[in-house]
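Observations on the model geometry
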Amino acid sequence: MIRILIADDHPLFREGVAHSLNNESDITVIGEAASGEEAVRLARDLLPDVALLDITMPGKGGIAAATEIAIACPATKIVMLTVSENEDDLLAAFKAGARGYLLKGVSARELANVIRSVASGEVYVSPSLAAGMLVELTRRPPDPLDELSEREREILQLVAEGLTNREIGERVHLAEKTVKHYMTNVLGKLHVRSRVEAALLAARRGV
């Protein structure tokens, strides 16, 4: 039997989940909690196979509870069951030790199947969230050169040609101090430490 602890501050929802899981032949709900604090206490006392936690609960939230349960009960697998589609919540949950992240619209059958897979050592993320994360991870990173203003690009081009700040100032009719200020901005936007690195980056990108 897979022994489950459910933590959710909405009694009707919590009881509905418990009822549907108890109908499964290989799953039994051994405890219910209405807060993060209660979830941690019950997890320590009962040592469930799986802790099913909501993220938003009064007092200690689900992510804080997950952190404590993961440390106190390393054998307990943690699954977040939440309405939150926020990517930060998803990443925070897995960082806290969660092994599954499910949205509350999930069917009873799918919930039971996810619990089985997580209990056996697998990791699960709701498909809609997983797709969004993959898109984010595979998206081409922004080119830092695109962050430069027209004047900053002009000055960077002259740096790449080997001109000093004074020579650049004479070329574009700016004070040497102003050119130095522009270069400080350029180095910051390109995340490089020196004029040489900036010039090399510009050359590689064909500026």
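Scope of this entry: the structure provided in the associated data block. (Residues numbered from 1 in each chain as written. Predicted model: local features only at pLDDT ≥ 70, side-chain atom pairs only at ≥ 80, totals over all residues. Heavy atoms only, no water.)

Some points on the nonpolar core
Ranked by internal contacts, the top residues of the largest apolar core, which has 26 residues, are Leu53, Ile69, Ile78, Met80 and Tyr101. Put simply, the parts of the chain that give this core at least two residues each are β1 (2–7), α2 (36–46), β3 (50–53), α3 (62–72), β4 (77–82), α4 (87–96) and β5 (100–103). When near neighbours in sequence (up to four residues on either side) are disregarded, Ile78 contacts Ala51, Leu53, Ala66, Ile69, Ala70, Gly97, Ala98, Arg99 and Gly100. Within the second largest apolar cluster, 20 residues are counted, among which are Ile4, Val17, Leu21 and Ile115. (Core = buried A, V, L, I, M, F, W, Y, C linked by side-chain atoms within 4.5 Å. Buried < 20%, exposed > 50% of the residue type's maximum accessible area, 1.4 Å probe, protein only. Helix = DSSP H or I, 4+ residues; strand = E, 2+ residues; numbered from the N terminus. Contact = heavy atoms within 4.5 Å.)

Let's talk about the pattern of salt bridges
Enumeration over the complete set of coordinates arrives at 12 salt bridges. Here Glu24 makes a salt bridge to Arg116, at a shortest N to O gap of 2.7 Å. With Glu24 in the loop between α1 (11–22) and β2 (27–33) and Arg116 in helix α5 (residues 108–119), this residue pair connects regions lying 92 residues apart in the sequence. Residue class for Arg116 comes out partly exposed when judged on its relative accessible area of 25%. Arg41 serves as the salt-bridge partner of Asp45, at 3.9 Å between the closest nitrogen and oxygen. Linking Asp45 with Arg41, this pair stays in helix α2, spanning 4 residues, or about one helical turn. Judged by relative accessible area, which is 55%, Asp45 ranks as exposed. Linked by salt bridges that have partners in common, Asp8, Asp54 and Lys104 make up one network. (Salt bridge = Lys/Arg side-chain N within 4 Å of Asp/Glu carboxyl O.)

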